Amino acid sequence: MEVDHAAGPGAVEKPRFDALTPSEMSGGRPQFRKVPVPPHRFSPLKRCWMEIYTPVYEHMKVDIRMNIKARRVELKTRQDTPDVSNLQKCADFVHAFMLGFDIADAVALLRLDDLYVDSFEIKDVKTLRGEHLSRAIGRLSGKGGKTKYAIENSTRTRIVIADTKIHILGSFVNIKVARDSLCSLILGSPAGKVYSKLRAVSARLAERY
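Quick caveat, the model's predicted, so the values are computed rather than measured. (Residues numbered from 1 in each chain as written. Predicted model: local features only at pLDDT ≥ 70, side-chain atom pairs only at ≥ 80, totals over all residues. Heavy atoms only, no water.)

Remarks on the sheet that holds strand S3 (residues 32–36)
For clarity, the threshold we go by: Paired strands, as defined in this entry, are two strands with at least two bridges between them according to DSSP. Comment: elements are numbered from the N terminus, with helices defined as DSSP H or I runs of at least four residues and strands as E runs of at least two. Each axis is a line fitted through C-alpha atoms, taken for helices only over the stretch in contact, and angles between the N-to-C directions span 0 to 180 degrees. Every residue pair with non-hydrogen atoms within 4.5 Å of one another is taken to be in contact.
On the basis of which strands lie adjacent, the open sheet formed by three strands has the order S3-S5-S4 and antiparallel pairing. The outermost strands of the open sheet, each flanked by one partner alone, are S3 and strand S4 (62–67). Sheet twist, expressed as the average angle between the axes of neighbouring strands with direction ignored, equals 20 degrees. With five bridges connecting them, S3 and strand S5 (residues 72–77) associate as antiparallel partners. Directly across from Lys34, in S5, lies its bridge partner Glu74. Against the sheet, helix H3 (residues 49–59) makes contact with S4 and S5, and its axis sits at roughly 150 degrees relative to S4, the strand it touches most. Contacts from helix H4 (residues 85–99) reach S3, S4 and S5, with the element oriented near 5 degrees to S3.

See below:
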């Protein structure tokens with residue numbers, strides 16, 4: 001603690017406190033996050049473990065371990081963790097990988113502040129069953145994933161279609177544009193109509209930024 005020596009004989013000395021470190025903010029106790037691992041992501045997690053471990057442990061200064069018995073990834077702050085928010089960023093990064101995003105895309109959650117993951121199901125938009133549901137999933141992907149890539153590239157987002165669940169990674173505005181396009185496809189709009197609307201919206205976004 002330092003003391004400000006104010007001018008004048010009768011002035012009161014004001015103490016000046018140094019900024020608290022992240023570990024001091026939580027009373028010296030480490031903070032934890034636990035991310036469950038779905039059965040189908042267990043093998044990819046084992047295969048890509050070092051690619052997940054390196055940015056989390058070395059760059060974000062957060063401890064990470066795989067609890068095989070409980071089938072979850074556990075994260076913990078360290079004494080030298082530079083920012084409390086690093087723990088939540090790392091949890092979001094690992095969770096994005098569990099949802100099916102590539103590590104190269106998910107790692108952007110560690111580097112940028114305004115990125116989010118939004119999830120919804122096809123039945124949230126329209127109740128579809130049997131062949132109708134299969135055709136809706138086919139419309140979302142397009143031939144060889146063409147429609148999905150077109151939406152990703154024009155809105156600067158990343159999309160994962162896992163059965164009837166859809167996950168979108170991107171900024172708040174871009175997620176909204178991508179979600180609107182996907183909802184139009186689910187409701188039965190032809191891909192050509194969605195493309196032309198996307199062109200107009202992405203041109204508007206490019207003017208704004």
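As for the packing of aromatic side chains
To keep things clear, this is the line we draw: In summary, the pairing rule links any two rings of Phe, Tyr or Trp, Trp by its six-membered ring, whose centres are within 6.5 Å, and it sorts them by plane angle into stacked for under 30 degrees, edge-to-face for over 60 and tilted for everything else. In this scheme, a residue with accessible area under 20% of its type's maximum is buried, one over 50% is exposed, and one in between is partly exposed, where area comes from a 1.4 Å probe on protein chains only. Both a distance and an angle decide whether a charge sits over a ring: NZ of Lys or CZ of Arg must be within 6 Å of the ring centre and within 35 degrees of the ring normal.
Counted according to the given criterion, the structure contains two aromatic pairs. A ring pair is formed by Trp49 and Tyr53, whose centres lie 6.4 Å apart and whose planes are at 40 degrees; its orientation type is tilted. Here Tyr53 and Trp49 lie together in helix H3, a separation of four residues that amounts to about one turn. Overall, Tyr53 belongs to the partly exposed group, its relative accessible area being 22%. On the numbers, 5.2 Å between centres and 10 degrees between planes, the contact of Tyr53 with Tyr57 is stacked. With Tyr53 and Tyr57 both in helix H3 and four residues apart, this pair spans about one turn of that helix. Take Tyr57: its relative accessible area is 31%, and that puts it in the partly exposed class. Joined through ring pairs, the aromatic side chains of Trp49, Tyr53 and Tyr57 make up one cluster. The positively charged end of Arg71 is found above the aromatic ring belonging to Phe42, 4.0 Å away from the centroid. Directly above the ring of Tyr57 sits Arg78, whose terminal nitrogen or CZ lies 4.4 Å from the centroid.

Structural notes on the packing of helix H9 (residues 146–155) against helix H10 (residues 172–186)
The criterion, for reference: An angle counts as roughly parallel when it lies under 35 degrees, as roughly antiparallel when it exceeds 145, as roughly perpendicular when it falls between 65 and 115, and as oblique in every other case. For a crossing to be left-handed, the near helix must be turned anticlockwise from the far one by less than a right angle; the clockwise case is right-handed.
Packing of H9 against H10 leaves a shortest axis separation of 9 Å and a crossing angle of 155 degrees. Regarding the angle of H9 to H10, the classification is roughly antiparallel. Seen along the crossing, H9 lies across H10 with a hand that is right-handed. Residues Thr147, Ile151 and Thr155 of H9 pack against Asn174, Val177, Ala178, Ser181, Leu182 and Leu185 of H10.

Distances and angles like these do not, on their own, reveal function.
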